[in-house]
Amino acid sequence: MPGRGLLAVACLVFIALCCISVVRKLERERRLLGKLRARGAVDAGSPVLLRELTEDERDCAKSLAIAGVLTIRQNGCYLRSAEMPVFRRKRVRLALSGGFAALVLALVVAVLILHR
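Residues numbered from 1 in each chain as written. Predicted model: local features only at pLDDT ≥ 70, side-chain atom pairs only at ≥ 80, totals over all residues. Heavy atoms only, no water.

Engineer: So what exactly am I meant to see when it comes to helix α3 (residues 84-114) here?
Structural biologist: Given 3.6 residues per turn, any residue in an α-helix points the same way as the ones three and four places further on. Taking 1.5 Å per residue as the helical rise, α3 with its 31 residues ought to reach 45 Å, and the 45 Å between its terminal C-alpha atoms agrees with that figure. Every buried residue of α3 is listed here: Met84, Phe87, Arg91, Ala102 and Val109. (Helix = DSSP H or I, 4+ residues; strand = E, 2+ residues; numbered from the N terminus. Expected span 1.5 Å × (residues − 1). Buried < 20%, exposed > 50% of the residue type's maximum accessible area, 1.4 Å probe, protein only.)

Okay, here's the thing in structure tokens:
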């Protein structure tokens, strides 16, 4: 069947791009959480001002606020320390299950390529 190799390569590239996208998001979140911890933004009394964050960091902060790890009030944001352990466990589970799913898909594509 012609084009089978091209389809396999396209599938592998798609899997790799999905993995890169997820890792990039997790890394953005990790950097922002580290920055907020380093600046001591752990309660409402010591928030980091939103204008001090880059556009990318503000976007990430909105995502983390939706996840319930961060609170954004008026012009500042701070961590919700009580929510961090649950968030970390969920994030690790997501990374591990995503990596396992990518591995399984890559193996399926490899078996399809080798099974001629």
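On we go.
Engineer: Any chance you could explain the pairing of strand β3 (residues 76-79) here in plain terms?
Structural biologist: Side-chain direction in a regular strand flips from residue to residue, so the side chains alternate between the two faces of the sheet. Side chains Gly76 and Tyr78 of β3 all project onto a buried face; the interleaved residues Cys77 and Leu79 project onto the opposite face, where all are buried too. Of the pairings in the sheet, the one linking strand β1 (residues 48-49) to β3 comprises two bridges and is antiparallel in character. Residue pairing across strands places Leu49 opposite Gly76, the latter belonging to β3. For strand β2 (residues 70-73) and β3, the ladder comprises four bridges, and the chain directions are antiparallel. Looking at the pairing, Ile72 lines up with Cys77 of β3. Between β2 and β3, which pair antiparallel in sequence order, lie two residues; one of them, Gln74, sits at a positive phi of approximately 50°. (Pairing = 2+ DSSP bridges.)

Engineer: Explain the environment of Glu29 here, please?
Structural biologist: Residue placement: Glu29 occurs in helix α1 (residues 4-38). On a C-alpha basis, the gap between Glu29 and Ala61 in space is 8.0 Å, while along the polypeptide they are 32 residues apart. Not counting residues up to four positions away in its chain, the partners in contact with Glu29 are Cys60, Ser63, Leu64, Phe87 and Arg91. At 2.5 Å, the side chain of Glu29 forms a polar contact with the side chain of Lys25. (Contact = heavy atoms within 4.5 Å. Polar contact = N/O pair within 3.5 Å; in protein donor to acceptor, adjacent residues only side chain to side chain.)

Engineer: Even after reading the chapter, I still don't get the sheet that holds β3, so can you show me in this structure?
Structural biologist: Whether parallel or antiparallel, the strands of a sheet pair through hydrogen bonds between backbone atoms. One open sheet holds the three strands; their spatial order is β1-β3-β2, and the pairing between them is antiparallel. Strands with a single pairing partner mark the edges of an open sheet, and in this sheet they are β1 and β2.

Engineer: Just checking my understanding: could you explain the environment of Val48 for this structure?
Structural biologist: You can see Val48 is positioned in strand β1. Sequence separation between Val48 and Lys35 is 13 residues, and the spatial gap between their C-alpha atoms is 9.4 Å. Beyond its immediate chain neighbours, meaning those up to four positions away, Val48 contacts Leu36, Arg39, Ala41, Leu53, Asn75, Gly76 and Cys77.

Engineer: How do you make sense of the side chain of Thr71 when you look at a structure like this?
Structural biologist: Its location among the elements puts Thr71 in strand β2. Exposure remark for Thr71: the relative accessible area of 15% places this residue in the buried category. Apart from residues no more than four positions distant in its own chain, Thr71 is found in contact with Gly76, Cys77, Tyr78 and Arg80.

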